[in-house]
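# Results of the structural survey
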Amino acid sequence: MIREIITYPNKKLKEPSKDIKKFDKELHLLLDDMYETMVAKNGIGLAAIQIAIPLNALLILLPDENDEQKKENLLEVINPKIINQKGSIIYQEGCLSVPDYYDDVKRAEWIEVEYYDRFGNKIVKEYDELLGVAFQHEMDHLKGHLFIERLSYLKRKKFDKEWKKKERAKKK
Ligand code: QAP
Ligand code: CO
């Protein structure tokens, strides 16, 4: 089922998510709905809180070299923790919860993470480049943060200005 994605400035996006305790049918239904929703809305990443569910679950699905999103490349991430990180990288990010705005964000260039798959198997892996950026972006959602909170002061002002302009245009 495709769920509704909540968008900025919905307060729910600030809510910290909670750990998942049971790796059951209900979790699998949530992950399946998140996948359907992410693909339908042309996303490459989605956190459960973006469909208003405050649980520590996120998905990442990058397009392959043929620009196709193959389900076999889907990353289902439960209760993630960053256990190591190094370097820094600047990447232009966007977010389904902040539609039509893209800007540069600085993040760790390499991360080591620990998480669980949908069956409760523990996974420890390293990620860098776009996958590492996507992981950090989605993990921010679980803590109640959006990428626009990580923009430089000037870029944040630019965002506020553009967002207000868009709001005014909508009201007409
Ligand atoms: C997070 O972002 C991300 O404005 C995932 O109109 C961002 O899927 C990971 C999207 C950057 C790595 C690098 C945004 C779709 C999707 C929009 C997304 C839009 C339609 C964003
Ligand atoms: Co996002």
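Below, the structure is looked at part by part. (Residues numbered from 1 in each chain as written. Chains lettered and ligands numbered in written order. Predicted model: local features only at pLDDT ≥ 70, side-chain atom pairs only at ≥ 80, totals over all residues. Heavy atoms only, no water.)

### Considering the layout of surface pockets
Within this model, the largest pocket holds a volume of roughly 440 Å³. Around the largest pocket, the lining comprises 23 residues; the ones closest to its centre are Ile44, Gly94, Cys95, Leu96 and Tyr102. When residues of the lining of the largest pocket are traced back to their parent elements, those giving at least two are strand 4 (89–95), strand 5 (98–107) and helix 2 (129–142). The volume enclosed by the second largest pocket comes to roughly 240 Å³. (1 Å grid on protein atoms, 1.4 Å probe; cavity = no way out; pocket = protein on both sides within 12 Å on 5 of 7 lines; lining within 4 Å. Points joined across faces, edges and corners; volume = space filled by probe spheres on them. Helix = DSSP H or I, 4+ residues; strand = E, 2+ residues; numbered from the N terminus.)

### Concerning the coordination of the cobalt ion (ligand 2)
Protein-derived ligands of the cobalt ion (ligand 2) are Cys95 (SG), His137 (NE2) and His141 (NE2), with the metal-ligand distances lying across 2.1 to 2.2 Å. Donor residues binding the cobalt ion (ligand 2) come from one chain and are separated in sequence as C-x41-H-x3-H. One end of the pair, His137, and the other, His141, are both in helix 2, four residues apart, so they sit about a helical turn from each other. Relative accessible area serves as the criterion here: at 7%, His137 is assigned to the buried category. Overall, His141 belongs to the buried group, its relative accessible area being 0%. (Donors = N, O, S within 2.8 Å, 3.2 Å for Na, K, Ca; no water. Buried < 20%, exposed > 50% of the residue type's maximum accessible area, 1.4 Å probe, protein only.)

### Description of the site of ligand 1
Near ligand 1, the surroundings consist of 17 residues, among which Gly43, Ile44, Gly94, Asp100 and Tyr102 are the closest. At 2.7 Å, a backbone N or O of Asp100 approaches an oxygen atom of ligand 1. Note that an oxygen atom of ligand 1 is positioned 3.0 Å from one of the side-chain N or O atoms of Tyr102. Computed on the free molecule, ligand 1 has an accessible area of 500 Å², of which 86% lies beneath the protein chains in the complex. Among the cavities detected, the one that contains ligand 1 is the largest pocket. Listed by contribution, the elements that provide at least two residues to the shell around ligand 1 are strand 4, strand 5 and helix 2. When its residues are assigned to classes, the shell around ligand 1 shows eight nonpolar, five polar and four charged. (Near = heavy atom within 4 Å. Polar contact = N/O pair within 3.5 Å; in protein donor to acceptor, adjacent residues only side chain to side chain. Areas by Shrake-Rupley, 256 points an atom, 1.4 Å probe, with all protein chains shown as cover. Sits in = over half its atoms within 2 Å of the grid points. Nonpolar A, V, L, I, M, F, W, Y, C, P; charged D, E, K, R; others polar.)

Keep in mind that these numbers describe shape and distance, not what the molecule does.
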